[in-house]
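Chain residues, written in single-letter form:
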Amino acid sequence: MKNEYIPYPAIIEAIQTESFDTRTLKVRFKDKRLRDSFDYKPGQFVEISVLGAGEAPISITSSPSRKGFLEFTVRAVGKVTKAIHKLKVGDTVYLRGPYGNSFPFEEAKNRNLLFVAGGIGLPPLRSVINMAFDNRDDFGNIKILYGAKAPDELCFKEELKIWQGIPQAEVLLTVDKPANGWKGNIGVVTTLWKKTEISPKDAIAYVCGPPIMIKFVLQKLLESGFKPDNIYVSLERYMKCGIGKCGHCNIGDKFACIDGPVFSFGQIKELPDKEREI
Ligand SMILES: Cc1cc2nc3c(=O)[nH]c(=O)nc-3n(C[C@H](O)[C@H](O)[C@H](O)COP(=O)(O)OP(=O)(O)OC[C@H]3O[C@@H](n4cnc5c(N)ncnc54)[C@H](O)[C@@H]3O)c2cc1C
Ligand code: FES
């Protein structure tokens, strides 16, 4: 019988520094069969483990439309994530998954896409953003609103410039504290509403970031006329098993690891604020 807790080794092929505490790892499974067969959807996560440190749930930031490798953006906050940051190109990490549900993709075809991200909330959205860009003709306008504390803390700085050059795509950046030479907006991500037209017409919104940011973005989206069922958020909870067995990650009567991490606002809006945590 297959043991669901056994992880598979993957070699780190490249490491990109995003900011002082955040890195993106590009990895490839050692087993070629797994490399070819590993199938995932945008918004899903894996449990990454480092020998001697433990394991942590991390979103897959690469796009399923780009085959053969996986990418993860990891902020060093504690035991496992700091151990991941000590690894070098050529080292091995262990992965099990993919787990969780995904952002709507097929259902979003022919519609306009609005992405709103804060800080390390962009990595999970990047998977669906690049999948949409790889299928550009299937979608209308693609708008990305992204905020971070400071310019240095924006993830994927080079890729943001590439996205800015894609037809019918708009990328608006904002930071709380500007640095010399900063030309983007200053303020929290909702201040970008003044800089562009946000229309709910034929649109789906995808939101990921710190809970307080999600709370204010949801308010703005509802004020702008978005229906709760057209707003999708990815929520973080403490997780252990990742597969619906340990009960660590509940949100109301749901488990974030199997019913989420992606929820439409329609699904969770009736929950009390303290259970929703947004
Ligand atoms: C579905 C999902 C996807 C995630 N995707 C990413 C990702 O793409 N990149 C990334 O960097 N992180 C991501 N995280 C968060 C990541 O899992 C935690 O930061 C990690 O588990 C911390 O483990 P640690 O051993 O390094 O820290 P610990 O030593 O366990 O804790 C260090 C500190 O972080 C806090 N902390 C730990 N886990 C969480 C959590 N889940 N939420 C809030 N605070 C926490 C603790 O309270 C403590 O203050 C995701 C979490 C979930 C549930
Ligand atoms: S992490 Fe164990 S039930 Fe969700």
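Refer to the structure printed above.
Residues numbered from 1 in each chain as written. Chains lettered and ligands numbered in written order. Predicted model: local features only at pLDDT ≥ 70, side-chain atom pairs only at ≥ 80, totals over all residues. Heavy atoms only, no water.

Caption draft 1: The arrangement of the sheet that holds strand 8 (residues 142-148) in detail. In spatial order, the strands read 10-9-8-7-11-12-15; together these seven strands make up an open sheet with mixed pairing. At either end of the open sheet lies a strand with only one pairing partner, and these are strand 10 (185-186) and strand 15 (262-264). As judged from the three bridges shared by strand 11 (residues 203-208) and strand 12 (residues 231-234), these two strands associate in the parallel manner. In the sheet register, V207 faces strand 12, and the bridge partner there is V233. Across the sheet, helix 4 (residues 157-164) is in contact with strand 8 and strand 9 (169-175); its angle to strand 9 comes to roughly 140 degrees. (Pairing = 2+ DSSP bridges. Helix = DSSP H or I, 4+ residues; strand = E, 2+ residues; numbered from the N terminus. Contact = heavy atoms within 4.5 Å. Axes fitted to C-alpha atoms, helices over the stretch in contact; angles between N-to-C directions.)

Caption draft 2: Region of interest: the nonpolar core. Core analysis: the biggest nonpolar cluster contains 34 residues, and L145 and L221 have the highest contact counts within it. Listed by contribution, the elements that provide at least two residues to this core are strand 7 (112-118), strand 11, helix 5 (211-223), strand 12 and helix 6 (265-268). A per-element tally of this core places helix 5 first, with five residues. Residues in contact with L145, not counting those within four places in the same chain, are L114, F115, V116, A117, L172, V189, L192, W193, T196 and I198. (Core = buried A, V, L, I, M, F, W, Y, C linked by side-chain atoms within 4.5 Å. Buried < 20%, exposed > 50% of the residue type's maximum accessible area, 1.4 Å probe, protein only.)

Caption draft 3: Examining the pairing of strand 6 (residues 92-99) more closely. Relative to strand 6, strand 1 (residues 8-19) runs antiparallel, the two sharing four bridges. Within strand 6, the residue paired with P9 across the bridge is Y94. Looking at chain direction, strand 3 (residues 45-50) and strand 6 are connected through four bridges and run antiparallel. Counted as the bridge partner of I48 is L95 from strand 6.

Caption draft 4: Region of the structure containing the sheet that holds strand 3. What the six strands build is an open sheet, ordered 4-3-6-1-2-5; its pairing is antiparallel. With one partner strand each, in any of the chains shown, strand 4 (54-59) and strand 5 (70-75) form the two edges of the open sheet. Taking each pair of neighbouring strands and ignoring which way they run, the sheet shows an average axis angle of 40 degrees.

Caption draft 5: Here's a closer look at unusual backbone geometry. Between G97 and P98 the backbone carries a cis peptide bond, its omega angle lying at 0 degrees. Locating P98 in the fold gives a position in strand 6. Residues G260 and P261 are joined by a peptide bond in cis, for which omega reads 10 degrees. By secondary structure assignment, the location of P261 is in the loop between strand 14 (254-255) and strand 15. Its identity as a non-glycine residue notwithstanding, F156 has a phi of 55 degrees, on the positive side. Position of F156 relative to the elements: it lies in the loop between strand 8 and helix 4. By relative accessible area, F156 is classed as buried at 2%.

Caption draft 6: Summary view of the pattern of salt bridges. Counted under the stated rule, the structure contains 16 salt bridges. Of the charged contacts in the structure, one is a salt bridge between E4 and K245, with a shortest N-O distance of 4.0 Å. Within this pair, whereas E4 is found in the segment before strand 1, its partner K245 is found in the loop between strand 12 and strand 13 (250-251), the two being separated by 241 residues in sequence. Between R126 and E71 there is a salt bridge, with its nearest N and O atoms 3.1 Å apart. Taken as a pair, R126 in helix 3 (residues 122-133) and E71 in strand 5 lie far apart in primary sequence, 55 residues in all. The residues R126 and E71 share a single accessibility class, namely buried. Residues joined in a network through salt bridges with shared partners are E71, R126 and E159. (Salt bridge = Lys/Arg side-chain N within 4 Å of Asp/Glu carboxyl O.)

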